[in-house]
Amino acid sequence: MKIAVIGQSLFGQEVYKELVKEGHQIVGVFTIPDKDGKANPLATEAEKDGVPVFKFPRWRLKGKAIPEVVDQYKAVGAELNVMPFCSQFIPMEVIDFPKHGSIIYHPSLLPRHRGASAINWTLIHGDKKGGFTLFWADDGLDTGPILLQRECNVEPNDTVNTIYNRFLFPEGVKGTVEAVRLIEQGQAPRITQPEDGATYEGIQKKENAKINWDQPAEVLHNWIRGNDKVPGAWAEVDGQKVTFYGSSMMDTTTVPDGQSLEIPGASKPGLVTKNGLVLFGNDGKMLLVKNLQFDDGKMIAASQYFHSGDSASVELTDQEKRFAEELRAIWKGILTNVDVIEHSTDFFKSGAASMDVVRLVEEVKLKGAGLQIQNEDVYMATTFQEFVQMLVRKLRGEDAEGELQVDYVEMNVNNMTVKMPHQLFINGQFVDAEGGKTYQTINPTDGTAICNVSLAQVSDVDKAVAAAKEAFENGEWGKMNARDRGRLIYRLADLMEENQEELATIEAIDSGAVYTLALKTHVGMSIQTFRYFAGWCDKIQGSTIPINQARPNRNLTFTRREPIGVCGIVIPWNYPLMMLAWKAAACLAAGNTVVLKPAQVTPLTAIKFAELTARAGFPRGVINILPGAGSLVGQRLSDHPDVRKIGFTGSTPIGKQIMKSCAVSNVKKVSLELGGKSPLIIFSDCDMDKAVRMGMSSVFFNKGENCIAAGRLFVEESIHDAFVRRVVEEVKKMKIGDPLDRSTDHGPQNHKAHLEKLIQYSQTGVKEGAHLVYGGKQVDRPGFFFEPTIFTNVEDHMYIAKEESFGPIMIISRFEDGDIDGVLKRANDTEFGLASGVFTKDINKALYVSEKLQAGTVFINTYNKTDVASPFGGFKQSGFGKDLGEEALNEYLKTKAVTIEY
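**Q** Would you mind going over the sheet that holds strand β1 (residues 2-6) in detail, with residue names and values included?
**A** Pairing is mixed across the open sheet formed by seven strands, whose spatial order is β3-β2-β1-β6-β7-β8-β9. Edge positions in the open sheet fall to β3 (53-54) and β9 (146-153), since each of these has one partner strand only. Judged from the three bridges that link them, β1 and strand β6 (residues 80-83) form a sheet pairing that is parallel. If you follow Val-5 over to β6, its bridge partner there is Val-82. Across the sheet, helix α1 (residues 9-21) touches β1, β2 (25-30), β6 and β7 (102-106), and the angle it forms with β2 is around 165°.

**Q** Break down a negative patch on the surface for me, citing the residues and quoting the values.
**A** Taken together, the side chains of Glu-816, Asp-817, Asp-819 and Asp-821 present a region of like negative charge at the surface. Given the relative accessible area of 60%, Glu-816 is considered exposed.

**Q** Break down the layout of surface pockets for me, citing the residues and quoting the values.
**A** In this model, the second largest pocket occupies a volume close to 920 Å³. Contributing to the lining of the second largest pocket are 41 residues, with Trp-573, Phe-648, Gly-650, Ser-651 and Ile-654 lying nearest its centre. Contributing elements (two or more residues each) for the lining of the second largest pocket: α20 (630-639), β28 (645-649), α21 (652-666) and α24 (752-767). Broken down by class, the residue content of the lining of the second largest pocket amounts to 19 nonpolar, 17 polar and five charged.

**Q** Which residues make up the pairing of strand β22 (residues 449-454), and what values go with them?
**A** It is a general feature of regular strands that their side chains alternate between the two faces of the sheet. The sheet contact formed by strand β21 (residues 438-442) and β22 spans five bridges and is antiparallel. Note on β22: the bridge partner recorded for Gln-440 is Asn-452. The hairpin turn running from β21 into β22, its antiparallel successor, is six residues long, and Gly-447 in that turn takes a positive phi close to 80°.

**Q** Tell me what's going on with the sheet that holds strand β40 (residues 893-901), and back it up with residues and numbers.
**A** On the basis of which strands lie adjacent, the open sheet formed by three strands has the order β23-β24-β40 and antiparallel pairing. Each of the sheet's edge strands pairs with one partner strand only, and the pair in question is β23 (544-545) and β40. As paired elements, β23 and strand β24 (residues 555-563) share two bridges and run antiparallel to each other. Bridging from a neighbouring strand, Ile-545 pairs with Thr-557 of β24.

**Q** If you had to explain helix α26 (residues 820-828) to someone new, which residues and values would you point to?
**A** Given 3.6 residues per helical turn, the α-helix brings residues three or four places apart onto the same face. Val-823, Leu-824, Ala-827 and Asn-828 are the residues of α26 that are buried. For α26, the buried positions fall inside an angular range of 130° around the axis, keeping them on one side. Residues of α26 that are buried in the fold lie against β30 (678-682), β31 (710-716), β34 (809-815), α27 (843-852) and β38 (875-876). Measuring from the backbone nitrogen of Gly-822 back to the side-chain oxygen at the start of α26 gives 3.0 Å, which picks out Asp-819 as the cap.

**Q** Can you tell me about helix α6 (residues 160-168), naming the residues and giving the values?
**A** Buried within α6 we find Val-160, Ile-163, Tyr-164, Phe-167 and Leu-168. One face of α6 carries all of its buried residues, which in axial projection span an arc of 105°.

**Q** So what about the packing of helix α15 (residues 482-498) against helix α16 (residues 500-511)? Which residues, and what values?
**A** Where α15 meets α16, the axes come as close as 4 Å, and the angle between the chain directions of the two elements is 70°. Regarding the angle of α15 to α16, the classification is roughly perpendicular. The segment α15 lies against α16, with Met-496, Glu-497 and Glu-498 engaging Gln-500, Glu-501 and Leu-503. Of the residues assigned to the contact of α15 with α16, the class counts are two nonpolar, one polar and three charged.

**Q** How would you explain the packing of aromatic side chains if you had to name every residue and give the values?
**A** Scanning all chains against the criterion turns up 33 aromatic pairs. With centroids separated by 6.1 Å and ring planes inclined at 45°, the aromatic side chains of Phe-85 and Tyr-164 adopt a geometry described as tilted. Linking Phe-85 in the loop between β6 and α4 (92-95) with Tyr-164 in helix α6, this pair joins segments that are 79 residues apart in sequence. With relative accessibility at 18%, the residue Tyr-164 sits in the buried group. Grouped by ring-pair contacts, the aromatic residues Phe-11, Phe-85, Tyr-105, Phe-132, Tyr-164, Phe-167 and Phe-169 constitute a single cluster. The ring centre of Trp-234 lies 4.2 Å from the NZ or CZ of Lys-241, which sits over that ring.

**Q** Lay out the side chain of Ser-102 with the relevant residues and their values.
**A** Along the polypeptide, Ser-102 turns up in strand β7. A relative accessible area of 2% means that Ser-102 is categorised as buried. Only 2.9 Å separates the side chain of Ser-102 from the side chain of Asn-81, close enough to count as a polar contact. Setting aside its immediate chain neighbours within four residues, Ser-102 contacts Asn-81, Met-83, Val-94, Ile-95, Phe-135, Trp-136 and Ala-137.

What counts as what
- Residues numbered from 1 in each chain as written.
- Predicted model: local features only at pLDDT ≥ 70, side-chain atom pairs only at ≥ 80, totals over all residues.
- Heavy atoms only, no water.
- Pairing = 2+ DSSP bridges.
- Helix = DSSP H or I, 4+ residues; strand = E, 2+ residues; numbered from the N terminus.
- Contact = heavy atoms within 4.5 Å.
- Axes fitted to C-alpha atoms, helices over the stretch in contact; angles between N-to-C directions.
- Patch = residues over 30% accessible without salt bridge, like charges linked within 9 Å, V, L, I, M, F, W, Y side chains within 5 Å.
- Areas by Shrake-Rupley, 256 points an atom, 1.4 Å probe, with all protein chains shown as cover.
- Salt bridge = Lys/Arg side-chain N within 4 Å of Asp/Glu carboxyl O.
- Lys, Arg positive; Asp, Glu negative; His and termini not counted.
- Charge placed at Lys NZ, Arg CZ, Asp CG, Glu CD.
- Buried < 20%, exposed > 50% of the residue type's maximum accessible area, 1.4 Å probe, protein only.
- 1 Å grid on protein atoms, 1.4 Å probe; cavity = no way out; pocket = protein on both sides within 12 Å on 5 of 7 lines; lining within 4 Å.
- Points joined across faces, edges and corners; volume = space filled by probe spheres on them.
- Nonpolar A, V, L, I, M, F, W, Y, C, P; charged D, E, K, R; others polar.
- Arc of directions from axis to C-beta.
- Polar contact = N/O pair within 3.5 Å; in protein donor to acceptor, adjacent residues only side chain to side chain.
- Parallel < 35°, antiparallel > 145°, perpendicular 65-115°, else oblique.
- Phe/Tyr/Trp six-rings, centres within 6.5 Å; stacked < 30°, edge-to-face > 60°.
- Lys NZ or Arg CZ within 6 Å of the ring centre and 35° of its normal.

Structure (structure tokens):
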């Protein structure tokens, strides 16, 4: 369809991009004028694609449409107007012009909360359900017929930002695209909005956001979070206007220790505690506020209300002094009316506004490569001296109190300075290994050492297990409300997202992963995994069970799903961070504590992850990271009597050893994701273009270092030669090179020993008589680069037909036309059963083959499409137990049955 997009913001940009992906022709984008020389994100995206962009300051004048504006709109010939977050008043001459009319996205479940500030009012009213509506525009205010609605639960401590980022933004984009699809198919409904239950509250402004303290705690909480961040709920405290942010309900009835703070109109004084400001409703219940902002714009942690100026001054190094002067120049560039930037110069008292905050943050990010700074930081350090001190602490890796000490190895790479911790992480602290033992971790791109990493010893394992046990049995983590546990994991995911470029860069230099893939998959899916399992924390439920009753007794049986305790996790080197996330996220969501051993050759993202857990606020001992040898650290975890569960991803022989040790030591629960030799069957009736593209991905994705890589391709006789020819053509186009180069397709293999194994594997294939069509040798350059390799004429008895290469080696065998059962027998003739795939346009054939393939995952007309919500694990000697999806939680829970006679 020919579509006009009328709107603005990042939301509008994402809707635009998805509509383009769907194949629609965007004939024009109509958005707001540039602000301070900056175009709206929607305009920027459209201009990049060469789509006509119109930036009308207004569409109407004195209530009437401006003819020349309407004429310019009509000239683009739109068949449908899509209006994502449109803040302008659009005349009916435009609304009704396209043959399909106009649809609007609105972030509430209409008819509730019509008008502006709909998300705010959803929270202020304490709605248990929120959501969005796509409706047909009419001449009323959000009154048009409903096309589509989607709802979500409103979490008790949601803010406008959290519900928007979690649901209204991502699902709203999908919903808008789905609405367009329904219109195109002629299936879009027009459901008249009921007037029963309709509300209209209007735009929420600062002058209306004053807090009325004579209300229950939950109402106060809803008011504060519903106004967070804009416009901000406020009250008079100590004679000045104070705005409250970061509210959460407190589940306890025990009043914490703290310093009393008189609040006019409140039922009782607030309490400034180490966790924030405790406030009381007129029902005696409590809420906690994290941050406070004063009328001059300065924001502080609520816990620091009586001590906001007490922090010790940091003495700057020469390098930090130079950085401070660069910051001074940035301030001077923004505060042009100030002659000299002094230590005492206040950003906001010097005339800075909210747009200046955005500019300051972005310019500081450019200067302080890798420095993570948010708008909120500016409000919490408003004078130049405070700002410099705050940034220096961030650069040093200290938290607000300077408690977390991190010894970084710094490297200027990928247009940033990456800061890599390199010690063990035990009980919330970075520490050296016993005896100061270290080893070198190697950059596979050039074979040089990145840094020395602490090498954990048996005594270090014992210390970490003791810390994890203490945290589980007696610490804050074991007593924590499940919902609070989820909030903590969400916070960790947010921190990972804030640091995703640095994490991806570390992953690239430590494992050889191509940076673009590391950013999207290695790191991106890790973030998704923690967010997914954070949502499960308060949804782990038991059941009630009817049991046989011996009259006259009455009985009740129910089950409890409980965490196991201390869990040992041992992960591989191919996806260092993602494999950590796949196991640790479910483990933590279930309430366990963790001692994790990363692969010895790729420890750095796991150690960086440890730093982020500390900054997220995880209690000490909950997460412990021990880089070291599997024969020492992994074995000790398997043998340790206080470890109650082992989760392992790696080779089948090591998995067998771990299983044996778990049985002999204390009958630990164990889950294993082991080797694979995944078959991919390509029938002659496939979509050849897709089969070639996805067949390439099935083998060469992540340099072939992929547990579900297609270890053997079976191609039907009649298309075999054409398929091979097409694949060779595509392989020749692949760029081999530096993983940090954005144009690189294929980076180095993970480590030298693996490269040597791949060379030997290829030589074996040639000796056995397989036809080496392409590749098969090391690339002539520094580092551990191996050519993408293709073998054909591979017979079933050959070594390369049976054994996994775990590298970029495509093994192709042909099968006779129409011999479905024959190729299935060959595909299943393996002791592995991790994944498999089939390409065919015949749905009956596809379903038949998927039923017969003996593997934990079957891909049909696609490959490598894993998702955090879908269970992942193997059959046979590929292991047992699941990562991802709801089923993964079962690996880290135990079930207790409780029977009561009453």
